[in-house]
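# Architecture at a glance
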Amino acid sequence: MRLSRLTLAIAAVLGSSVSAAAFAIDLYVDTKTEQIYAKPGPGRVHMGSFVKEDAAKPAGNRTDRAGDEAVAKTGDTTADSAADGAAGKTDAAEVMALRKDIELKAKMREARLISDMASLEQRVKETEKTKLKYGPGLHFESKDGNFTAAIDGRLQVDSQYNIINDVQPPAAEDRPYELNSGATIRRARLGVEGTFYKKWDYKFEYDFSRGNGAVTSGITDAFIRYNFDNPLSVKVGSFKEPFSLEEATSNRFYTFVERNMAVNTFVDNPNVYKTGVGVNYAVPRWQTGIAFQTEPVGSWSSAATSINPNGNNSRNNGSGDISWASTGRISGRPWLESETKFLHIGASASHTRVNTQYFGNGNFANGGMSFGAFPAVNVDRTNVLNTSNLSIGNKNDPDSRRVESYNRWGAETALVYGPFSAQAEYLQTDIYGHGYSGESLFGYYGYVSYFLTGESRTYHVKNGAWNRLKPHQAFQLNGPGWGAWEIATGYDYLNMNDGVIRGGEADLVKFGLNWYPHSNMRVMTNYVHVLDVNTAGVADRRSAAFNNANLDAWVTRFAVEF
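The text that follows walks through the structure, step by step, so that each part is easy to find. Being a predicted model, the structure only gives us computed values, none of them experimental.

When you go through the protein chain residue by residue, the secondary structure sums to seven helices and 27 strands. Of the contacts made within the protein chain by residues no fewer than 6 positions apart, 63% connect residues no fewer than 24 positions apart. Accessible area for the protein chain stands at about 28100 Å²; split by element, carbon and sulfur atoms hold 58% of it.

Rendered as structure tokens:
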């Protein structure tokens, strides 16, 4: 009795025993797994019908003729039995060989399956290398932590309504001198910041609306920083100079809509974002920062503190304005009971060189420096106080004046005691050069604030300044949360009259109400009342027209940042 190889393989796979009678079976193969099935199904292809053949006679016939065959053909039966025995041994060997073949193929399929699983796991790991996070900005981070990036931005929509706007009438050929009411996009910034290889970090930010008039859009921060350890870091690029508590604080976290006059005039308006190298050391109790910077060289307008375009970056054709500046600030918290009860003190100093360019005949070409101030308003930021350019006249004229450098000094303090806080600063700028002998322009401010909902101002250790406030309960229209509410009042004074310089003098009081519905949203409203303006002797006609002016304004800001 002899079986075909395919029939024996099928018998080995199915592991079934068959009767001596002949039969047929339909078999199907799965096109993916290559397994054989006796029933049709999805993905299975019909292989055909297979029959097991038995050379023996039907069992019924053997029974009928058993006696005859036993007597008549004993010799033949014995020969057939021997042949069947030999064939059985051959069939058994073939079955074993086929089983080994099938087992080998099964092991190969198993190895391929393991390889496919490993490949799939590797692909999953690849997709997990970048993690996406939210809150309050959009953050990306590699799985190993070597690379991070965060997209951030801010939008500040401001309005100004002049309640009292009593100034002198314009000269015959001048436009009206009054401040204008209106609205503006005070800031519209978009940037990216992050880290790479854990020790390095970077920031790039672009402001699409750096103000009105001739102030154009431009880069603010654009630097790379290396962190030697947690306290010490060095950065290169464009960044804020380290001067003043209020200037070190991001404009996202001010108590009032605008900075105080002395900070705007001596620090921010002359283009606080300068290019150079800076070093910072910060621990929870104190921090210090020093920088050696300059700003892009441009036309004279970049020296005027009321307007700050980026200037002529080609640095040619004798352009001149602010040259190199060395600046440093140190601050600390000598009393630190907790992060809601502490005293902050600090000091700043800076020396700045100024370029002034002249034509071949000695006439003024460009460069120099001027200082101007506006009274805590945010839409029409006309310089009510104005020194005009401190470099004037022909270079060869003995009565000409030329600013060559100026020194700045600052002292600061702040107190946080639960929901109550107070802050004050004094700033001074001394002018040196041909025709100047250290004339001092100075200003100071002070204010207090109180959170009606119990929050405390948040401190930024690395900057030694204020940080984002998180309301105890975020605003919910149909819930119990009302956000955070803050009230504030302050006094602001600036004097730019000294020696041969006549820039004017002014002081004011202001009142503020701030609502923080969420940590990254703020609605601010300020009432500004100018106490006195003295612009007698100021060269600029429009600024001179504000002498003894009566000015009251209501300013607002809606701000969102991420």
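Two faces make up the sheet, and in a regular strand the side chains alternate between them. Of the pairings in the sheet, the one linking strand S6 (residues 147-166) to strand S27 (residues 550-561) comprises twelve bridges and is antiparallel in character. Bridge pairing in S27 places Tyr161 opposite Trp554. Where strand S26 (residues 521-534) and S27 come together, nine bridges link them in antiparallel fashion. Of the residues in S27, the one forming a bridge with Val528 is Ala553.

Next up on the list: the pattern of salt bridges. What the rule picks out here adds up to 19 salt bridges. In this structure, the salt-bridge partner of Arg541 is Asp174, at a minimum N-O distance of 2.7 Å. Here Arg541 is found in helix H7 (residues 541-544), whereas its partner Asp174 is found in the loop between S6 and strand S7 (182-196), with 367 residues between them in sequence. Arg541 gets classed as exposed once you look at its relative accessible area, which sits at 52%. Put simply, Asp221 and Lys203 hold a salt bridge, and the shortest N to O gap is 3.4 Å. Note that Asp221 is positioned in strand S9 (residues 218-227) and Lys203 in strand S8 (residues 200-207), a separation of 18 residues in sequence. Comparing Asp221 with Lys203, the two get one shared label, buried.

Let us now look at the packing of aromatic side chains. Under the defined criterion, the tally for this structure stands at 26 aromatic pairs. The interplanar angle of 10 degrees and the centroid separation of 5.7 Å between the aromatic rings of Phe196 and Trp200 together place this pair among those described as stacked. The exposure class assigned to Phe196 is partly exposed, which follows from its relative accessible area of 23%. Look at Tyr281 and Trp286: their rings are 5.5 Å apart centre to centre, the planes differ by 35 degrees, and that puts the pair in the tilted class.

You can see Glu439 is positioned in strand S21 (residues 436-451). By relative accessible area, Glu439 is classed as buried at 7%. A C-alpha to C-alpha distance of 7.4 Å links Glu439 and Ile501, two positions 62 residues apart in sequence. Beyond its immediate chain neighbours, meaning those up to four positions away, Glu439 contacts Thr429, Asp430, Ile431, Asp498, Gly499, Val500 and Ile501. Within the structure, the side chain of Glu439 is placed 2.9 Å from the backbone nitrogen of Ser437, a separation counted as a polar contact.

One ladder, built from seven bridges, connects S8 with S9; its direction is antiparallel. Paired with Lys203 across the bridge in S9 is Phe223. For S9 and strand S10 (residues 232-240), the ladder comprises six bridges, and the chain directions are antiparallel. Within S10, the position partnered with Asn227 by the bridge is Ser233. Connecting S9 to the next strand, S10, in antiparallel fashion are four residues.

This part is about the environment of Ile487. Structurally, Ile487 is set in strand S24 (residues 484-498). Spatially, the C-alpha atom of Ile487 lies 4.7 Å from that of Leu513, the residues being 26 residues apart in sequence. In contact with Ile487, other than residues within four places in its own chain, are Val448, Ser449, Tyr450, Leu452, Gly512 and Leu513.

Turning our attention to helix H6 (residues 261-268). For an α-helix, the turn length of 3.6 residues means that residues three or four places apart are oriented alike. Most of H6 sits out of view: eight of its eight residues are buried. Of the positions making up H6, those classed as buried are Met261, Ala262, Val263, Asn264, Thr265, Phe266, Val267 and Asp268.

This part covers a nonpolar patch on the surface. A grouping of Trp335, Tyr417, Phe420, Val448, Tyr450, Leu452, Ile487 and Leu513 is seen on the molecular surface, where their side chains present a nonpolar patch of about 700 Å² in accessible area. Position of Phe420 among the secondary structure elements: in strand S20 (residues 420-434). For Phe420, a relative accessible area of 31% puts it in the partly exposed group.

What counts, and at which threshold
- Residues numbered from 1 in each chain as written.
- Predicted model: local features only at pLDDT ≥ 70, side-chain atom pairs only at ≥ 80, totals over all residues.
- Heavy atoms only, no water.
- Helix = DSSP H or I, 4+ residues; strand = E, 2+ residues; numbered from the N terminus.
- Contact = heavy atoms within 4.5 Å.
- Areas by Shrake-Rupley, 256 points an atom, 1.4 Å probe, with all protein chains shown as cover.
- Pairing = 2+ DSSP bridges.
- Salt bridge = Lys/Arg side-chain N within 4 Å of Asp/Glu carboxyl O.
- Buried < 20%, exposed > 50% of the residue type's maximum accessible area, 1.4 Å probe, protein only.
- Phe/Tyr/Trp six-rings, centres within 6.5 Å; stacked < 30°, edge-to-face > 60°.
- Polar contact = N/O pair within 3.5 Å; in protein donor to acceptor, adjacent residues only side chain to side chain.
- Patch = residues over 30% accessible without salt bridge, like charges linked within 9 Å, V, L, I, M, F, W, Y side chains within 5 Å.

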